[in-house]
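# Summary of structural features
So you can see what is in the structure, the chains are spelled out below.
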Amino acid sequence: MILSYLMLAIIVFIAALVQSTSGFGFGIIFMAIMPLILPYKECNVLTLATVLCLQVYTVIKFRRHINYRMVIVPAIAALIFGSIGVHLMISMSGTAMNFVLGIFLWVLAFYLIFLASRVHLKKNPITGFFAGSFGGFMDGMFAIGGPPMVAYFDSVMNDPMEYQATLQLYFMITTVNVLFNNIICGNFTAKLVAPLSISIVCCLVGTTLGMHFTQKISMKLVRKLAYTVMLLAGAYHIIKGFIG
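What you see is a predicted model, and the numbers here were worked out from it, not measured in a lab. (Residues numbered from 1 in each chain as written. Predicted model: local features only at pLDDT ≥ 70, side-chain atom pairs only at ≥ 80, totals over all residues. Heavy atoms only, no water.)

## Points about the overall build of the protein chain
Let me state the cut-off plainly: A run of DSSP states H or I qualifies as a helix once it reaches four residues; a run of E qualifies as a strand once it reaches two. Both are numbered from the N-terminal end. Computation of the radius of gyration draws on C-alpha atoms alone. For the globule rule, the value is 2.2 Å times the number of residues to the power 0.38. In this scheme, a residue with accessible area under 20% of its type's maximum is buried, one over 50% is exposed, and one in between is partly exposed, where area comes from a 1.4 Å probe on protein chains only.
Within the protein chain, the secondary structure is distributed over 10 helices and 0 strands. Taking 2.2 N^0.38 as the reference for a compact globule, 244 residues should give roughly 18 Å; the C-alpha atoms of the protein chain span a radius of gyration of 17 Å, in line with that estimate. Taken along its principal axes, the extent of the C-alpha atoms in the protein chain is 45 × 35 × 35 Å. Within the protein chain, the proportion of its 244 residues that are buried is 51%.

## A word on the environment of Leu79
Heads up, the condition is: Residues count as neighbours in contact if any of their non-hydrogen atoms are within 4.5 Å of one another.
Checked against the element boundaries, Leu79 lands in helix H4 (residues 68-91). A C-alpha to C-alpha distance of 18 Å links Leu79 and Val56, two positions 23 residues apart in sequence. The residues contacting Leu79, other than those within four sequence positions of it, are Ile173 and Asn177.

## Quick word on the packing of aromatic side chains
Going by this rule: Here a pair means two rings of Phe, Tyr or Trp (six-membered ring of Trp) with centres within 6.5 Å. Their orientation is stacked below 30 degrees between planes, edge-to-face above 60, and tilted elsewhere.
Inspection of every chain in the model, using the stated rule, returns 8 aromatic pairs. Ring plane angle 10° and centroid distance 4.1 Å describe the contact between Phe104 and Phe142, whose orientation is recorded as stacked. Note that Phe104 is positioned in helix H5 (residues 94-115) and Phe142 in helix H6 (residues 125-142), a separation of 38 residues in sequence. The exposure class of Phe142 is buried, given its relative accessible area of 5%. Both rings, one in Tyr170 and one in Phe171, keep their centres 5.7 Å apart while their planes meet at 55°; by these two values the pair is tilted. Phe171 shares its class with Tyr170; the two are buried. Chaining the aromatic ring pairs together yields one cluster made of Tyr152, Phe153, Tyr170 and Phe171.

## Examining helix H7 (residues 146-156)
Most of H7 is tucked away, with 9 of its 11 residues classed as buried. All buried positions along H7 are accounted for by Gly146, Pro147, Pro148, Met149, Val150, Ala151, Tyr152, Phe153 and Val156.

## A word on the side chain of Gln55
Checked against the element boundaries, Gln55 lands in helix H3 (residues 40-61). Sequence-distant contacts of Gln55, defined by excluding residues within four places in its chain, comprise Gln168, Phe171, Met172 and Thr175.

## Brief notes about the packing of H3 against H6
To keep things clear, this is the line we draw: Geometry is summarised by axes, namely lines fitted to C-alpha atoms with helices restricted to the contacting stretch, and by angles between N-to-C directions that run from 0 to 180 degrees. To sort the angles, those under 35 degrees are grouped as roughly parallel, those over 145 as roughly antiparallel, those from 65 to 115 as roughly perpendicular, and the leftovers as oblique. Gly counts as polar in this scheme, as do all residues outside two lists: the nonpolar Ala, Val, Leu, Ile, Met, Phe, Trp, Tyr, Cys and Pro, and the charged Asp, Glu, Lys and Arg.
Packing of H3 against H6 brings their axes to within 9 Å, and their N-to-C directions diverge by 125°. The orientation of H3 relative to H6 falls into the category oblique. Residues Tyr40, Asn44 and Leu48 of H3 form the contact with H6, whose participating residues are Asp139, Gly140, Met141 and Phe142. Tallied by class, residues from the contact of H3 with H6 come to 4 nonpolar, 2 polar and 1 charged.

## Some details on the UniProt feature "transmembrane region" (unreviewed entry) in the protein chain
Put simply, the rule is: UniProt positions are given in the numbering used here, feature names are shortened, and annotations may be inferred rather than shown by experiment.
UniProt tags residues 7-38, 44-60, 72-90, 96-114, 126-145, 165-185, 192-213 and 225-243 as "transmembrane region" (unreviewed entry). For residues 44-60, helix accounts for 100% and strand for 0%, while the C-alpha atoms at its two ends are 25 Å apart. Here residues 165-185 runs as 95% helix and 0% strand, with 30 Å between its end C-alpha atoms.

In structure tokens, the structure reads:
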């Protein structure tokens, strides 16, 4: 148990560093590694509850830069499909979820490495709806719903402050929705209080240091390490899914 908590603290700290320097990535790092240590559904709740604290802090800090109109359509779509994702995740066995998570991590890593920089989406409600739908479903299933909305907002916003503030508001809304669905489905239990407390503290420390050292950290190195972790963890989850 002590070793699990120590690993949790280290992983959350690293994930928070990535999130605070790039705007997203906490869920990717956390969900790539932690299901190797704790049950999948517990990891899903832990990452949602932890990152929510970070999102609330960011939204409050940058509230004057939020473009509320840009959030409405994607958020509505994400609320619908996020709920569907949670209930589908709950209905699947641990073995099946390991396999699906492994495939998802490989596909996501491929997208981030080869395609993300080439994707440029158009600013219209239909694109926003589909980006929110896909992101919400991913958030419900894997607690990793960032890439679709990052691609959309990055394509339609030129002001980095507006982009960061609006993106975090969207994330906060979808995280509350997915976390609420997990709670009513019984995935949040008393035994998660201790690891959640550790996770929140380490997240705050990692975020504070990340914001302080943003200019000194090589984002290329951070991304390469994140992609490597995703590919290795994905391979492990696929093998574990096959073996059962």
